[in-house]
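# Examining the three-dimensional arrangement
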Amino acid sequence: MKIQIITLFPEMFPGVFNASMLWKAQDKGIAEISYINLRSFGIGPRKQVDDTPYGGGDGMLLKPEPLVAAIEAAQQRTAYSVQRTGDKTNPKAARSTLNAQRSKVILLTPRGERYTQAKARELTQYDDLILVCARYEGYDERVTEYVDEQISIGDYVLTGGEIPAMVVVDSVVRLLPGVLGGETSALIESFSDGQNLEYPQYTRPENFRGLKVPNVLLSGNHAEIDKWRKNKSE
Ligand code: SAM
């Protein structure tokens with residue numbers, strides 16, 4: 001999977017993505033993560049990317065021209081970009097069918113659809129993900145015509161889309177085949193069936209400061225263990 005992240009702050013990502021499973025996924029060539037610095041699509045000598053909102057109000061909005069230029073540059077780099085048509089008046093139709101099937105442009109926004117494990121699993125089906133991180137008071141609404149989905153990671157407001165993008169990338173990449181150690185580990189964890197949480201788990205020692213591992217887990221009776229786990233999970 002090829003993941004491109006459009007951001008004003010690419011320096012925020014390596015600490016998170018160059019460790020543990022995310023690093024392993026890139027090292028094995030399962031995921032390729034790259035960054036497009038929105039500033040390089042800024043306008044004029046000062047590379048302006050933001051402006052004041054029409055109608056008044058606090059703060060600055062990301063302008064549409066740099067954001068859309070960055071999205072189009074990212075789309076050019078996807079595996080199926082050759083198939084694009086040239087209809088600029090209809091941005092969604094201008095993308096080839098194949099491109100639309102295999103790649104997704106996602107805008108991170110608190111106004112988007114609430115992110116879930118089911119959505120993470122769905123996103124593993126794509127070859128190319130382009131994640132757009134906004135900043136300041138947000139973005140010019142016309143940008144939404146150029147994205148396929150809008151995702152919110154929860155009902156709270158962060159300063160930018162970078163942490164939400166990290167959340168999406170981490171949750172998707174760990175589900176790609178070959179990333180997690182045990183191939184079944186992603187199938188039996190919290191939310192994997194859409195609702196239930198994982199059962200409580202214990203490791204050695206059996207007795208930690210008087211807190212004991214439940215007897216059933218030491219019993220060797222697998223039917224009873226399964227029953228206990230199912231019960232706890234529900
Ligand atoms: N004024 C906007 C509003 O009230 O909806 C909030 C803008 S926020 C300070 C700046 C950017 O951070 C957003 O445009 C979005 O890209 C990102 N962001 C903040 N919270 C987010 C969330 N919960 N989920 C996804 N993206 C978020």
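Here the structure is a predicted model, which is why all the values come from computation and not from measurement.

## A word on the site of the ligand
Near the ligand there are 20 residues, and of these Leu108, Glu137, Gly154, Tyr156 and Leu158 occur at the shortest range. Separating a nitrogen atom of the ligand from a backbone N or O atom of Glu137 is a distance of 2.9 Å. The separation between a nitrogen atom of the ligand and a polar main-chain atom of Leu158 is 3.0 Å. Relative to its unbound accessible area of 580 Å², the ligand is 85% covered by the protein chains. Going through the elements one at a time, β5 (103-114) and β7 (149-152) are the ones with two or more residues in the shell around the ligand.

## Quick look at the pairing of strand β1 (residues 2-7)
Counting buried positions along β1 yields 5 of 6 residues, so the element is predominantly enclosed. Relative to strand β2 (residues 32-37), β1 is paired through 6 bridges, and the arrangement is parallel. Across the sheet, the residue bridging to Lys2 is Glu32, located in β2. Inspection of the sheet shows β1 paired to strand β6 (residues 128-133) by 5 bridges, in the parallel sense. Paired with Gln4 across the bridge in β6 is Ile130.

## Overview of helix α6 (residues 162-173)
Helix length check: α6, at 12 residues, gives a terminal C-alpha distance of 16 Å against a target of 16 Å (1.5 Å per residue), a fit within 8%. When we look at burial in α6, the residues that qualify are Glu162, Pro164, Ala165, Met166, Val168, Val169, Ser171, Val172 and Val173.

## Digging into the sheet that holds β1
The parallel open sheet is built from 5 strands, whose spatial order is β2-β1-β6-β5-β7. The open sheet has two edge strands, β2 and β7, and neither has a second partner. Neighbour-to-neighbour, the strand axes of this sheet turn through a mean angle of 30 degrees, independent of strand direction. Of the pairings in the sheet, the one linking β5 to β6 comprises 6 bridges and is parallel in character. Paired with Leu107 across the bridge in β6 is Val132. Relative to the sheet, α6 contacts β1, β2, β5, β6 and β7, its axis offset from that of β6 by approximately 160 degrees.

## Looking at the side chain of Asp50
Inspection of the secondary structure assignment puts Asp50 in strand β3 (residues 50-51). One buried charged side chain, Asp50, makes no salt bridge at all; its nearest oppositely charged neighbour is Arg39, positioned 5.5 Å away. Residue contacts for Asp50: discarding those within four places in its chain leaves Met60, Leu61, Leu62, Lys63 and Tyr136.

The rules behind each value
Residues numbered from 1 in each chain as written. Predicted model: local features only at pLDDT ≥ 70, side-chain atom pairs only at ≥ 80, totals over all residues. Heavy atoms only, no water. Near = heavy atom within 4 Å. Polar contact = N/O pair within 3.5 Å; in protein donor to acceptor, adjacent residues only side chain to side chain. Areas by Shrake-Rupley, 256 points an atom, 1.4 Å probe, with all protein chains shown as cover. Helix = DSSP H or I, 4+ residues; strand = E, 2+ residues; numbered from the N terminus. Buried < 20%, exposed > 50% of the residue type's maximum accessible area, 1.4 Å probe, protein only. Pairing = 2+ DSSP bridges. Expected span 1.5 Å × (residues − 1). Axes fitted to C-alpha atoms, helices over the stretch in contact; angles between N-to-C directions. Contact = heavy atoms within 4.5 Å. Lys, Arg positive; Asp, Glu negative; His and termini not counted. Salt bridge = Lys/Arg side-chain N within 4 Å of Asp/Glu carboxyl O.

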